[in-house]
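The residues making up each chain are set out below.
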Amino acid sequence: MDKPTRLFDLLPYRKQTKPDRAVLVAKQAGEWNKIFIDEYIEKVDAISHALLHLGVNRGDNIALISSDRPEWNYTDLGVQQVGAVLVPIYPTISEDDYRYILKDCEVQYLLLESETMFRKVKNVLPDLDTLKGVYLFDKKDPETPYPTLAELMDEGRAHADAARLAEIKNSIGPRDVATMIYTSGTTGFPKGVMLCHENILTCIYGVQHTPKPHFSRAMSFLPLCHVYERMMNYFYQYMGYETWYAENVGKVVENMKVAKPHMMTAVPRFIEKMYDGIYRKGEKMKGINKK
């Protein structure tokens with residue numbers, strides 16, 4: 001097929017170009033789990049069908065607060081396929097910032113990683129006049145009053161309408177808004193920045209010749225709610241790489257030993273800390289090893 005012109009076009013493009021290589025790799029229940037393209041597409045479509053059944057319309061804002069994990073990707077593209085707008089939010093901001101962002105974007109549905117995340121925003125929820133529903137990726141306490149993403153997917157499978165979804169997807173253009181990202185401004189509350197599919201895909205195509213031809217694995221640990229890592233995550237999918245999600249920042253080096261990535265993105269402070277660690281270890285050595 002032709003190059004993707006909408007971000008969700010990455011799914012059929014990947015199925016055609018690298019169907020036998022895992023797309024995402026993440027640790028679940030202590031084991032590394034590989035997600036291949038057919039499972040990826042099925043879960044994304046299930047979310048899209050569920051959102052349509054719930055009455056989500058084009059341009060509605062769906063917020064997501066979660067660390068990096070495959071469910072983040074499923075939600076992202078599932079929202080985009082129905083023409084809605086994903087609003088990813090950092091899991092570490094203040095209650096006041098959550099309240100401001102969720103009210104400002106007039107959130108329709110909110111997806112949270114866990115009950116821990118729910119407790120951080122529960123005082124905000126009564127203030128959200130536009131909010132219609134909340135879903136959790138992980139739920140252990142049956143008293144938590146919201147369903148899970150798995151239940152949302154099941155709802156989508158039960159009410160799947162492939163023809164309707166295809167019609168909506170075909171009507172979405174490269175310059176339609178795909179996401180709204182709230183970033184810190186110089187003063188005051190965060191500002192919502194609208195980005196279309198073409199905005200992000202242009203960046204991907206601008207760096208597609210950077211990696212070496214043999215590259216096939218990437219490590220991801222920066223937050224997907226930041227546009228830099230998110231763009232690179234799409235880039236890895238476009239290039240046909242496996243994207244390994246680090247368990248957390250503290251385990252990046254440990255996880256790299258397993259994933260053996262050819263490529264990853266980082267920020268200067270992280271590289272400085274790695275350098276300092278290697279240098280301190282070297283100072284304790286002797287002879288040629290120390291040199």
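Up top you'll find the structure we're talking about.
Residues numbered from 1 in each chain as written. Predicted model: local features only at pLDDT ≥ 70, side-chain atom pairs only at ≥ 80, totals over all residues. Heavy atoms only, no water.

Draft legend 1. Main features of the nonpolar core. By size, the foremost hydrophobic cluster in this structure holds 55 residues, and its most contacted members are Tyr40, Leu77, Leu111 and Ile204. Ranked by residue count, the leading element in this core is helix α2 (residues 37-54), at nine residues. Residues contacting Ile204, with those up to four places away along its chain left out, are Met231, Tyr234, Phe235 and Tyr238. (Core = buried A, V, L, I, M, F, W, Y, C linked by side-chain atoms within 4.5 Å. Buried < 20%, exposed > 50% of the residue type's maximum accessible area, 1.4 Å probe, protein only. Helix = DSSP H or I, 4+ residues; strand = E, 2+ residues; numbered from the N terminus. Contact = heavy atoms within 4.5 Å.)

Draft legend 2. Structural view of the pattern of salt bridges. With the rule as written, the count across this model stands at 18 salt bridges. Note that Glu247 and Lys27 form a salt bridge whose closest N and O atoms lie 3.6 Å from each other. Taken together, the residues span a long stretch of sequence, with Glu247 in the loop between β10 (242-245) and α10 (252-259) and Lys27 in strand β1 (residues 24-28) at a distance of 220 residues. You can call Glu247 partly exposed: its relative accessible area is 32%. Residue classification places Lys27 among the partly exposed residues on the basis of a relative accessible area of 33%. With a shortest N-O distance of 2.8 Å, Asp127 and Arg99 are connected by a salt bridge. Residue Asp127 is located in the loop between α5 (115-121) and β6 (133-136), and its partner Arg99 is located in helix α4 (residues 95-104); the two are separated by 28 residues in the primary sequence. (Salt bridge = Lys/Arg side-chain N within 4 Å of Asp/Glu carboxyl O.)

Draft legend 3. View of the packing of aromatic side chains. Scanning the entire structure with this criterion turns up eleven aromatic pairs. Pairing Phe221 with Phe270 gives two aromatic rings, centres 4.6 Å apart and planes at 40°, and the pair type is tilted. Taken as a pair, Phe221 in the loop between β9 (217-220) and α9 (227-239) and Phe270 in helix α11 (residues 268-283) lie far apart in primary sequence, 49 residues in all. Looking at Phe221, the relative accessible area reads 11%, which means it is buried. Members of the aromatic cluster, joined through ring pairs, are Tyr13, Tyr205 and Tyr238. Across the ring face of Tyr205, the terminal group of Lys3 is positioned such that the distance to the ring centre comes to 4.5 Å. (Phe/Tyr/Trp six-rings, centres within 6.5 Å; stacked < 30°, edge-to-face > 60°. Lys NZ or Arg CZ within 6 Å of the ring centre and 35° of its normal.)

Draft legend 4. Summary view of the packing of helix α3 (residues 70-80) against α9. For the pair α3 and α9, interaxial distance at closest approach is 13 Å and the crossing angle is 90°. Classified by the angle between their axes, α3 and α9 sit roughly perpendicular to one another. When α3 is examined against α9, the residues Trp72, Asn73, Asp76, Leu77 and Gln80 are found in contact with a partner set consisting of Arg230, Asn233, Tyr234 and Gln237. Tallied by class, the residues present in the contact of α3 with α9 amount to three nonpolar, four polar and two charged. (Axes fitted to C-alpha atoms, helices over the stretch in contact; angles between N-to-C directions. Parallel < 35°, antiparallel > 145°, perpendicular 65-115°, else oblique. Nonpolar A, V, L, I, M, F, W, Y, C, P; charged D, E, K, R; others polar.)

Draft legend 5. Spatial organisation of the pairing of strand β2 (residues 31-35). In this structure, β1 lies alongside β2, joined through five bridges in antiparallel fashion. Paired with Val25 across the two strands is Lys34, which belongs to β2. Once β1 ends, the chain turns through two residues before running back antiparallel as β2, passing Ala29 with a positive phi of about 55°. (Pairing = 2+ DSSP bridges.)

Draft legend 6. Looking closely at helix α8 (residues 197-206). Looking only at α8, the buried set comprises His197, Ile200, Leu201, Ile204 and Tyr205. Each buried residue of α8 lies within a common arc of 135° when the element is viewed along its axis, so the set occupies one face. The elements touched by buried residues of α8 are α3, β7 (177-183), β8 (191-196) and α9. (Arc of directions from axis to C-beta.)

Draft legend 7. Main features of unusual backbone geometry. One non-glycine residue with positive phi stands out, namely Ala29, at about 55°. Note on placement: Ala29 falls in the loop between β1 and β2. Given the relative accessible area of 85%, Ala29 is considered exposed. Although it is not a glycine, Lys260 sits at a positive phi angle of roughly 50°. Residue position: Lys260 is located in the loop between α10 and β11 (263-264).

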